Amino acid sequence: MKKALVIAIDGPAAAGKGTLARRLAAALDLPYLDTGLLYRAVGRRMVDAGLDPATHPADEQARRIMLADLERDDLRVPEIDRAASLVAAQKAVRAILVDTQRNFAVARGGVLDGRDIGTVIFPDATVKLFITASAEARARRRWEQMAPDPDVPDRAARIAEVAAQLQARDDADASRAVAPLRAADDAVWIDTDDMTADEVLDEALRIVRRRTEDLKTG
Ligand code: CDP
C-alpha cells in the first residue's frame, strides 16, 4: 500500500506554522490538524474547572478531549497560551494525546503543526519543516492577529509585552523534559522573517515536491 503523505511542521510560537500548514493542506488536499489546539483545549478545561495547570495533573481533562473541542472560540486567548504550555509539559497529557494525533493522519495522511510532530508524533513523516522567525517579527504578527486598535498610543510597548510572553512560552516549551520544542535532525528550516505567506507556501511546496520526487525515483 502506498504510504500516506504526512507533513510535520514544527517551530516556536507565532512563527507562521498555522498559516503555512492550513494553506499547504488546502493546496495538497490533505487533512489539517493544529495540534496546539489539543493542548489549548486541555488548558481551557483546566481553567474552566478552576484547576491550576501549574500544580494540578491534567490527565483527566486530556482524556475527555474530542476533536469537537477544538472548534471552541475561546482557545486562542492569552490566559490559555500559558495554561496550554503548562499542561503540555505534563508527560501523562502528552501520552494521552499521541494516538489522537497519529490516528488523525492514518486514513489520508495529513499536515500537522506543533512542537514535536517531526521528533515524536511522526518521526518518519514524509516531509518535516521547521518554521522560524525573529522574536520581533513573531511579536508583531501575533499583535496584528489580535486585531488591536491601530491608533493605540503605546503600540511599541504592547508589542514588547507580546514578545516577552512569546519568549517565556518558547523557553518553557524548549526546556521541558518531555518532547521539548526542537527541530528534527532531518527537518528543513524556513526562516519566514522576510517572506510573505505566499512565498513561504511556495517554498514549502517546492520542498514537498522535491521530497516526493526523490521518494519516487528512490
Ligand atoms: O499558535 P502558537 O504558536 O502560539 O501556539 P500553539 O501551537 O497553539 O501551542 C500552544 C502551546 O501548546 C505551546 O506553547 C506548547 O506548549 C503546546 N504544544 C505542544 O507542546 N506540542 C505541540 N505539538 C503543540 C503545542
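The protein chain is annotated in an unreviewed UniProt entry as Cytidylate kinase of Gluconacetobacter tumulisoli. Of the comments in the UniProt record for the protein chain, the one headed Sequence similarities (unreviewed entry) reads "Belongs to the cytidylate kinase family. Type 1 subfamily." In its Subcellular location (unreviewed entry) section, the UniProt record describing the protein chain reads: "Cytoplasm".

Enquirer: It is not clear to me how the packing of helix 1 (residues 17-28) against helix 9 (residues 197-217) should be interpreted in this structure. Could you clarify?
Expert: When two helices pack together, their arrangement is given by the angle between their axes and by how far apart the axes lie. Helix 9 packs onto helix 1 with a crossing angle of 55° between their chain directions and a minimal axis gap of 10 Å. For the element pair helix 1 / helix 9, the angle class is oblique. Handedness of the helix 1/helix 9 crossing: right-handed. Taken together, the residues of helix 9 that come into contact with helix 1 (itself represented by Thr19, Leu20, Arg23, Leu24, Ala27 and Leu28) are Ala197, Asp198, Val200, Leu201, Ala204, Leu205 and Val208. The residue inventory of the contact of helix 1 with helix 9, partitioned by class, reads ten nonpolar, one polar and two charged.

Enquirer: Even after reading the chapter, I still don't get the site of the ligand, so can you show me in this structure?
Expert: Around the ligand lies a shell of 19 residues, among which Arg40, Arg94, Arg169, Asp173 and Arg176 are the nearest. For the ligand, an oxygen atom lies 3.2 Å from a polar atom in the backbone of Ala14. Between the ligand and the protein, one listed contact pairs an oxygen atom with a side-chain N or O atom of Arg40 at 2.6 Å. Protein contacts shield 98% of the accessible area of the ligand, which totals 530 Å² for the unbound molecule. Looking at the shell around the ligand, the elements with two or more residues in it are helix 2 (36-48), helix 4 (78-88) and helix 8 (155-175). Class assignment of the residues belonging to the shell around the ligand gives a composition of five nonpolar, four polar and ten charged.

Enquirer: Help me understand the packing of helix 7 (residues 135-145) against helix 8, please; the structure alone is not making it clear to me.
Expert: Relative to each other, helix 7 and helix 8 sit at 110°, their axes nearing to 8 Å. Taken as axis vectors, helix 7 and helix 8 run roughly perpendicular relative to one another. When you trace helix 7 past helix 8, the crossing you get is right-handed. Between helix 7 and helix 8, the residues in contact are Arg138, Ala139, Arg140, Arg142, Trp143 and Glu144 and Arg155, Arg158, Ile159, Val162, Ala163, Leu166, Arg169 and Asp170, respectively. Among the residues making up the contact of helix 7 with helix 8, the classes are represented as six nonpolar, no polar and eight charged.

Rules of the game
- Residues numbered from 1 in each chain as written.
- Predicted model: local features only at pLDDT ≥ 70, side-chain atom pairs only at ≥ 80, totals over all residues.
- Heavy atoms only, no water.
- UniProt positions renumbered as here; feature names shortened; annotations may be inferred.
- Axes fitted to C-alpha atoms, helices over the stretch in contact; angles between N-to-C directions.
- Helix = DSSP H or I, 4+ residues; strand = E, 2+ residues; numbered from the N terminus.
- Parallel < 35°, antiparallel > 145°, perpendicular 65-115°, else oblique.
- Left-handed = near helix turned anticlockwise from the far one by under 90°.
- Contact = heavy atoms within 4.5 Å.
- Nonpolar A, V, L, I, M, F, W, Y, C, P; charged D, E, K, R; others polar.
- Near = heavy atom within 4 Å.
- Polar contact = N/O pair within 3.5 Å; in protein donor to acceptor, adjacent residues only side chain to side chain.
- Areas by Shrake-Rupley, 256 points an atom, 1.4 Å probe, with all protein chains shown as cover.

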